[in-house]
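Chains, contacts and geometry: an overview
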Amino acid sequence: MADDNGEPSDDLVPAILDTAHQHDIQVAFHIQPYKGRDDITVHDNIKYIIDTYGSHGAFYHYKNSMGKSLPLFYIYDSYLTSPEAWAHLLTPNGPHSIRNTPYDGVFIALLVEEGHTHDILAAGFDGMYTYFASNGFSFGSSHQNWKAVKNFCDANNLMFIPSVGPGYIDTSIRPWNNHNTRNRVNGKYYETALQAALTVRPEIVSITSFNEWHEGTQIEKAIPKKTPTRLYLDYLPHQPSLYLELTRRWAEHFIKEKEQWLM
């Protein structure tokens with residue numbers, strides 16, 4: 001299955017998992033809103049994913065506070081389905097609940113608007129993430145709101161996963177969207193976002209990045225390149241690996257900080 005923007009990707013998954021395994025990386029699934037997605041089709045998706053890939057060494061499991069390891073799923077644009085419908089799947093007494101079955105997991109909903117916090121709680125999700133790499137684009141992606149969101153999550157036993165990005169520019173495909181461009185400032189934008197995320201002491205920080213250069217969120221190596229139709233942004237005067245190095249440094253910092261928080 002796929003959304004309107006892409007090809008079905010299932011045949012790529014074995015290669016992704018095998019390659020991740022070689023590098024001691026684990027893979028979680030991010031479920032996009034395809035046509036007809038609802039609590040029943042997502043139930044089928046989860047069952048398929050766990051049956052097909054759940055035993056792979058690179059399939060990500062999150063260890064919860066009870067010491068139980070469960071698969072973790074991000075549900076993008078979760079607000080398109082009502083909390084009542086999600087509750088059929090995600091609350092223990094729902095008519096087709098996956099809770100306390102072999103298909104149980106940690107389900108993370110997308111927080112866009114402030115009101116979504118209560119919907120996510122009512123729906124039976126385990127937590128929320130903010131996805132967008134553009135600070136200020138939505139309530140959820142605005143760093144200044146993260147403390148309040150984290151307090152709400154703590155009070156309701158939910159995980160808060162703030163999402164950070166290295167910058168954002170999509171004007172080559174959305175010329176009208178210039179107001180959401182976020183300049184990288186030689187890595188400062190990324191580091192500011194990471195610092196804002198760590199300040200609220202999250203369990204997990206997600207990085208919204210992909211090698212689709214038309215949204216300018218890539219953190220992979222980059223060198224100067226120009227074609228007749230476009231100029232690709234590079235990381236000069238820094239090395240091509242600047243954002244990978246920053247990511248590693250902040251990941252190590254995050255691990256150390258978490259050890260401190262637990263003391």
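Here is a short report on the structure shown in this document. Note that the coordinates shown come from a computational prediction; the quantities given were computed from them, not determined experimentally.

This part takes up the packing of helix H2 (residues 39-53) against helix H3 (residues 83-90). It is the contact of H2 with H3, at a shortest axis distance of 9 Å, that shows an interaxial angle of 35 degrees. Between H2 and H3 lies a crossing of right-handed hand. Contacts from Asp-39, Val-42 and His-43 in H2 reach Ala-85, Trp-86, His-88 and Leu-89 in H3. In the contact of H2 with H3, the residues fall into four nonpolar, two polar and one charged.

Structurally, His-116 can be placed in helix H4 (residues 116-123). The class of His-116 is buried, set by a relative accessible area of 9%. In this structure the side chain of His-116 is engaged in a polar contact, spanning 3.2 Å, whose partner is the backbone nitrogen of Val-112. In this view, His-116 contacts Tyr-79, Leu-110 and Leu-111; residues no more than four positions away in its chain are not counted.

For strand S3 (residues 69-75), the tally of buried residues reaches six of seven residues, placing the bulk of the element in the interior. With three bridges joining them, strand S1 (residues 29-31) and S3 adopt parallel strand pairing. Across the sheet, residue Ile-31 finds its bridge partner in S3, namely Ile-75. Linking strand S2 (residues 61-63) to S3, which pair antiparallel, is a turn of five residues; within it Gly-67 sits at a positive phi near 80 degrees. Where S3 and strand S4 (residues 106-110) come together, four bridges link them in parallel fashion. Paired with Ile-75 across the two strands is Ala-109, which belongs to S4. What joins S3 to S4 is H3, and the crossover it makes is right-handed.

Core analysis: the largest hydrophobic core is formed by 52 residues, its most contacted members being Ile-46, Phe-73, Trp-86, Phe-107, Phe-125, Met-128 and Val-164. Those residues in contact with Trp-86 that lie beyond four places of it in its chain are Arg-37, Asp-39, Val-42, Ile-75, Ser-78, Thr-81, Ala-123 and Phe-125. Core analysis: the next-biggest nonpolar cluster, separate from the first, contains 14 residues, Leu-70, Val-106, Phe-132 and Ile-204 among them.

With that settled, the discussion passes to unusual backbone geometry. Working note: non-glycine residues mostly have negative phi, and peptide bonds are mostly trans. The omega torsion across Leu-236 and Pro-237 is 5 degrees, close enough to zero to call that bond cis. Within the element layout of this structure, Pro-237 appears in the loop between strand S10 (231-232) and helix H7 (242-262). Phi is positive for Asp-77, which is not a glycine, with a value near 50 degrees. Following the sequence through the fold, Asp-77 ends up in the loop between S3 and H3. By relative accessible area, Asp-77 is classed as buried at 12%. Phi at Arg-201 is positive, roughly 55 degrees, even though this residue is not glycine.

Okay, the pairing of S4 next. Counting buried positions over the five residues of S4 gives five, a clear majority of the element. Bridge count for S4 against strand S5 (residues 127-129) is three bridges, and the pairing is parallel. Bridge pairing in S5 places Ile-108 opposite Gly-127. In the classification by handedness, the crossover that spans S4, the intervening H4 and the parallel S5 is right-handed.

Its 21 residues give H7 an end-to-end C-alpha distance of 31 Å, which sits within 8% of 30 Å, the value for a rise of 1.5 Å per residue. Restricting attention to buried positions, one finds in H7 the residues Leu-242, Tyr-243, Leu-246, Thr-247, Trp-250, Phe-254 and Trp-261. Buried residues along H7 cover an arc of 115 degrees about the axis, so they all sit on one side. Residues Arg-248, Ile-255 and Lys-256 are exposed on H7 and point more than 90 degrees away from its buried face.

Right, let's talk about helix H1 (residues 13-22) for a bit. Owing to its 3.6 residues per turn, the α-helix aligns residues three or four sequence positions apart on the same side. Residues of H1 that are buried include every one of Val-13, Leu-17 and Ala-20, and no others. Projection of H1 onto a plane perpendicular to its axis shows the buried side chains occupying an angular sector of 65 degrees, all on one side. Positive backbone phi, at 60 degrees, marks Asp-24, one or two positions downstream of H1.

Rules behind the numbers
Residues numbered from 1 in each chain as written. Predicted model: local features only at pLDDT ≥ 70, side-chain atom pairs only at ≥ 80, totals over all residues. Heavy atoms only, no water. Axes fitted to C-alpha atoms, helices over the stretch in contact; angles between N-to-C directions. Helix = DSSP H or I, 4+ residues; strand = E, 2+ residues; numbered from the N terminus. Left-handed = near helix turned anticlockwise from the far one by under 90°. Contact = heavy atoms within 4.5 Å. Nonpolar A, V, L, I, M, F, W, Y, C, P; charged D, E, K, R; others polar. Buried < 20%, exposed > 50% of the residue type's maximum accessible area, 1.4 Å probe, protein only. Polar contact = N/O pair within 3.5 Å; in protein donor to acceptor, adjacent residues only side chain to side chain. Pairing = 2+ DSSP bridges. Right-handed = clockwise from strand over helix to strand, strands pointing away. Core = buried A, V, L, I, M, F, W, Y, C linked by side-chain atoms within 4.5 Å. Expected span 1.5 Å × (residues − 1). Arc of directions from axis to C-beta.

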